[in-house]
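Chain by chain, the residues:
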Amino acid sequence: MRSVLITLVLVALIPINIFCQTPEYEKKIEEFLIVSGTMETVESSISLIIDDYKNAISDVPESFWEDIVKNKKDDFKKNFVKNLVPVYYKYLKIEEIDYVIKFYKSEIGKKYAGLTNTLMEEGAKAGESWGQYISEQISSELEKSGYWKRGLWPSFLLKFRIENNRKSWHWI
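Owing to the predicted nature of the structure, the values given are computational and were not obtained by experimental measurement.

With that settled, consider the nonpolar core. Nonpolar side chains in soluble globular proteins generally cluster together in the buried interior. Counting residues in each nonpolar core, the largest one holds 18 residues, and the members touching the most others are Y25, I29, F32, L33, V81 and I97. For this core, the secondary-structure elements that each account for two or more residues are helix 3 (23-35), helix 4 (38-56), helix 5 (62-91) and helix 6 (94-105). The biggest single contributor to this core is helix 5, with five residues. Setting aside its immediate chain neighbours within four residues, V81 contacts E26, I29, E30, L33 and M39.

Printed below as a string of structure tokens:
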């Protein structure tokens, strides 16, 4: 009897939102992914993954890859949405998703959606540059304080860089 009671209590503690994810919510997430431009990125990713397979297994006829795209692409996209629904559901109500969709349907939202990938790429470069700046400042202060001499630092500060399309190693 005690184990039955414990089981009932544990089942009652399972978050209710697991059971509340509706087809309507899933459709809203799909709409959000479309208007935000995310689905375009998903489609590009699918193409890149297929291209990687094509390059790795060159003796497969093109018709096979065309069939994969024709027969599986929609399934891949639906699976992507299904995987994201619980993540969004954890943090956003359907009404909040509606507001986000409304934003992305506005002129500024459309502009932002069109710039998202560019902003992410350029932002990543800016972040890398910022990280390098911080590293240089800390290294300089360590050197001034006598705690470090350049070239003698542990290997975790050995950075891999790609410069001028060449791979090169640099000590900070």
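Attention now goes to helix 5. Relative to the 44 Å expected for 30 residues at 1.5 Å per residue, helix 5 spans 42 Å between its end C-alpha atoms, a close match to the ideal helical length. Those residues of helix 5 not exposed but buried are W65, K73, K77, V81, L84, V85 and Y89.

Moving on to a nonpolar patch on the surface. Nonpolar side chains collect at one region of the surface, where F103, I108, Y112, L115 and L119 lie side by side and expose about 450 Å² of accessible area between them. No other element matches helix 7 (residues 107-144), which puts four residues into the nonpolar patch. Tracing the backbone through its elements, the reader meets Y112 in helix 7. Looking at Y112, the relative accessible area reads 38%, which means it is partly exposed.

Moving on, we come to the packing of helix 4 against helix 5. Two elements in contact, helix 4 and helix 5, have axes whose closest approach is 10 Å; the angle formed by their N-to-C orientations is 140 degrees. It follows from the interaxial angle that helix 4 and helix 5 lie oblique. Remark: the crossing between helix 4 and helix 5 carries right-handed chirality. For the pair formed by helix 4 and helix 5, the contact residues are T38, M39, V42, E43, I46, I50, Y53 and K54 on the first element and E62, W65, I68, V69, K73, F76, K77, F80 and V81 on the second.

Between helix 3 and helix 6, whose axes approach to 9 Å, the crossing angle comes to 25 degrees. One finds that helix 3 runs roughly parallel with respect to helix 6. Every pair of crossing elements has a handedness; the one defined by helix 3 and helix 6 is left-handed. Counting all contacts with helix 3, which are made through E24, Y25, K28, I29, E31, F32 and V35, the residues of helix 6 involved are I94, I97, D98, V100, I101, Y104 and K105. Among the residues making up the contact of helix 3 with helix 6, the classes are represented as nine nonpolar, no polar and five charged.

Further remarks concern the pattern of salt bridges. When their charged atoms lie close together, side chains carrying opposite charge are able to pair. Summed over all chains, the structure comprises ten salt bridges. Among the ionic pairs, K105 bridges to E31, the shortest N-O distance being 2.8 Å. Linking K105 in helix 6 with E31 in helix 3, this pair joins segments that are 74 residues apart in sequence. For E31, a relative accessible area of 26% gives the class partly exposed. Residue E43 is joined to K73 by a salt bridge in which the shortest nitrogen-to-oxygen separation is 3.7 Å.

Okay, the packing of aromatic side chains next. Under the definition given, this model contains eight aromatic pairs. Judged by centre distance (6.2 Å) and plane angle (45 degrees), the rings of Y104 and Y112 are tilted. Cluster of aromatic residues (ring-pair linked, three or more members): F32, Y88, F103, Y104 and Y112.

Okay, the environment of I97 next. Relative to the helices and strands, I97 is located in helix 6. I97 gets classed as buried once you look at its relative accessible area, which sits at 1%. Through-space distance from the C-alpha of I97 to that of F32 is 7.3 Å; in sequence the pair is 65 residues apart.

The rules behind the values
- Residues numbered from 1 in each chain as written.
- Predicted model: local features only at pLDDT ≥ 70, side-chain atom pairs only at ≥ 80, totals over all residues.
- Heavy atoms only, no water.
- Core = buried A, V, L, I, M, F, W, Y, C linked by side-chain atoms within 4.5 Å.
- Buried < 20%, exposed > 50% of the residue type's maximum accessible area, 1.4 Å probe, protein only.
- Helix = DSSP H or I, 4+ residues; strand = E, 2+ residues; numbered from the N terminus.
- Contact = heavy atoms within 4.5 Å.
- Expected span 1.5 Å × (residues − 1).
- Patch = residues over 30% accessible without salt bridge, like charges linked within 9 Å, V, L, I, M, F, W, Y side chains within 5 Å.
- Areas by Shrake-Rupley, 256 points an atom, 1.4 Å probe, with all protein chains shown as cover.
- Salt bridge = Lys/Arg side-chain N within 4 Å of Asp/Glu carboxyl O.
- Axes fitted to C-alpha atoms, helices over the stretch in contact; angles between N-to-C directions.
- Parallel < 35°, antiparallel > 145°, perpendicular 65-115°, else oblique.
- Left-handed = near helix turned anticlockwise from the far one by under 90°.
- Nonpolar A, V, L, I, M, F, W, Y, C, P; charged D, E, K, R; others polar.
- Phe/Tyr/Trp six-rings, centres within 6.5 Å; stacked < 30°, edge-to-face > 60°.

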